[in-house]
Amino acid sequence: MRLAVQESDRAARLVHRAREARPAGDRMPLAPRADIAASWNRALRSGVDPEKSPHSAVLEPDEVERRRRSSALGEVMPLLGNALAAIADASQQIMVVTDVEGRVLWRQGNTGVLRRADGICLSEGAAWSEESNGTNAIGTALASRAPVQVHSTEHFVRSLHGWTCAAAPVRDPRDGRLMGIVDVSGPASTFHPTTLALVGSVARLAESEIRTRHLESIDRLRSVAAPMLCRLGGRALAVDAHGWLAAVTGMPPVDRLPLPKSLRPGQVWLPSLGMCRVEPLPGGWLVQVADSTTDSPPRRLVLDLSRPRGLAVNVVSPVGTWTQRLSPRHAELLFALALHREGRTASELAEDIFGDPTRTVTVRAEISRLRRHLAEVLAHRPYRFGEGVEVEVIHPEHPDDLLPGSKAPVVAAARSTG
């Protein structure tokens, strides 16, 4: 054990010399680990001062509580406390859980270390992104979306050299989105190489618990909704509050139904289904699709290409307006269809977008993704905007700014003739 400590101290001294050389642009005597070097570079680009103490505008308690309530990690805090906080306490460390911005929402662990953590602003409501405090396990795990351990002089800010920390991202098992970071931090003397593996295992355990709770809630909703759907005619779905499917009748199943942020009972236009009647269920919604031919389709579509970072399509119908953000590829496809109102085959679109008429598989896959949200606007065989849909394209002020990163022939031709 003593030999291991000596080796750790020697490594820390070498990293310290490298850390001192990097901001000055000098040749480093020892190259740091690749993930640490990348983080130092990001900290330099962000203008983090390595000589300043960690600082942050701390959120008000009401805002911290609001974020706790809206985070799915709150459901598994008892598990995290039992699995990790107790171990951290016994090893003179603390457990920290943050949201997707790196804001500290929960802390547990050794009382003495909690007091020391206050001295470096590792407190509830504080921000620990790399932009705020340079290289640290929380911020670097956020930036890299991967587990990371940062020890002593690997921290970019000098006043953190007395600390060691290991963190892992926690992802929503339902859709893969990042939910937050689980971290163990403590004095540098508490460093242990297995801490990172422990934190990673607990993060996976939290994800497994969230998945189990989700499946249980879907089962409860299904038990209520299935008998109702059996009595209904036509197309209908039962989904939870986030749109995850519990039961369906009269139509192919989908994994998830896109729902508006504020959904209320009554008549609702859903982009992927059209006009629907929505009724609340315990833990979700009953969605009945109106199959009447008198339901009015969207009448106007505005393809906004005026800002490269704000590509969007706005659909205006008799019952409301909705906006769908677009990826550059989807913007290219809709632009091509706007130029060819008569429609395009998959081969023609492949020529428009890739300059290669054989890339039809890619085109069909991308159009399929678009139709998940724009089914009432896009028709197929051939691919085209629906009958009676007025289409407007908003161009940027200068033709060269039209989808500037695009190499699609249809876009290049529009720039040259703009």
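Owing to the predicted nature of the structure, the values given are computational and were not obtained by experimental measurement.

(A) View of empty space enclosed by the protein. Evaluated as defined, the whole model comprises one cavity of 30 Å³ or more. Size it by volume and the largest cavity reaches roughly 80 Å³. Surrounding the largest cavity, 13 residues form its lining, Leu 122, Trp 128, His 155, Cys 165 and Ser 185 being those nearest its centre. For the lining of the largest cavity, the element with the highest residue contribution is strand 4 (residues 163–171), accounting for three residues. Class assignment for the residues of the lining of the largest cavity results in eight nonpolar, four polar and one charged.

(B) Focus on the sheet that holds strand 5 (residues 178–187). Here we have five strands laid out as an open sheet, ordered 2-1-5-4-3, and antiparallel in their pairing. Here the strands that pair on one side only, and so sit at the sheet edges, are strand 2 (104–109) and strand 3 (148–151). Neighbouring strand axes in the sheet, compared pairwise and without regard to direction, differ in orientation by 20° on average. The sheet contact formed by strand 4 and strand 5 spans nine bridges and is antiparallel. Across the sheet, residue Ala 168 finds its bridge partner in strand 5, namely Val 182. Packed onto the sheet, helix 4 (residues 77–90) meets strand 1 (94–98), strand 2 and strand 5 and runs at close to 145° relative to strand 1. The sheet contacts of helix 8 (residues 195–231) involve strand 3, strand 4 and strand 5, and relative to strand 4 the element is tilted by about 25°.

(C) Region of interest: the packing of aromatic side chains. Tallied over the full model, the rule gives zero aromatic pairs. We note Arg 116 situated over the ring of Trp 163; from NZ or CZ to the ring centre the distance is 5.6 Å. The lysine or arginine in question, Arg 359, covers the ring of Phe 354, its NZ or CZ lying 3.8 Å from the ring centre.

(D) Representation of the pattern of salt bridges. If you walk through the whole model with that rule in mind, you get 24 salt bridges. One salt bridge connects Asp 352 with Arg 344, and the closest N-O pair in it is separated by 3.0 Å. On the basis of relative accessible area, Asp 352 is assigned to the buried category, the value being 9%. Overlapping salt bridges, with partners in common, bring together Glu 63, Arg 66, Arg 67, Asp 99 and Glu 101 in one network.

(E) The nonpolar core, seen in detail. Residues Leu 334 and Leu 374 are the most contacted members of the largest nonpolar core, which totals 36 residues. With seven residues, the single largest contributor to this core is helix 9 (residues 328–339). Residues within four places of Leu 334 in sequence aside, it is in contact with Leu 303, Val 313, Leu 326, Leu 370, Leu 374, Leu 378 and Phe 385. Residues Ile 94, Ala 137, Val 150 and Ile 181 belong to the second largest nonpolar core, which totals 29 residues.

(F) The arrangement of the side chain of Ser 129 in detail. Among the secondary structure elements, Ser 129 is positioned in the loop between helix 5 (111–119) and helix 6 (130–133). Given the relative accessible area of 12%, Ser 129 is considered buried. Look past the residues within four positions of Ser 129 in its chain and what remains in contact with it is Glu 101, Gly 134, Asn 136 and Gly 139.

(G) Region of the structure containing helix 8. Here helix 8 is 37 residues long and its end C-alpha atoms lie 55 Å apart, about the 54 Å a rise of 1.5 Å per residue gives. Considering bend angle alone, the principal kink of helix 8 is centred on Ala 225 and spans about 35°; proline Pro 227 follows within four residues of it.

What counts, and at which threshold
Residues numbered from 1 in each chain as written. Predicted model: local features only at pLDDT ≥ 70, side-chain atom pairs only at ≥ 80, totals over all residues. Heavy atoms only, no water. 1 Å grid on protein atoms, 1.4 Å probe; cavity = no way out; pocket = protein on both sides within 12 Å on 5 of 7 lines; lining within 4 Å. Points joined across faces, edges and corners; volume = space filled by probe spheres on them. Helix = DSSP H or I, 4+ residues; strand = E, 2+ residues; numbered from the N terminus. Nonpolar A, V, L, I, M, F, W, Y, C, P; charged D, E, K, R; others polar. Pairing = 2+ DSSP bridges. Axes fitted to C-alpha atoms, helices over the stretch in contact; angles between N-to-C directions. Contact = heavy atoms within 4.5 Å. Phe/Tyr/Trp six-rings, centres within 6.5 Å; stacked < 30°, edge-to-face > 60°. Lys NZ or Arg CZ within 6 Å of the ring centre and 35° of its normal. Salt bridge = Lys/Arg side-chain N within 4 Å of Asp/Glu carboxyl O. Buried < 20%, exposed > 50% of the residue type's maximum accessible area, 1.4 Å probe, protein only. Core = buried A, V, L, I, M, F, W, Y, C linked by side-chain atoms within 4.5 Å. Expected span 1.5 Å × (residues − 1). Bend = angle between axes of the 7 residues up to and from the residue.

Honestly, it's all geometry; don't read function into it.
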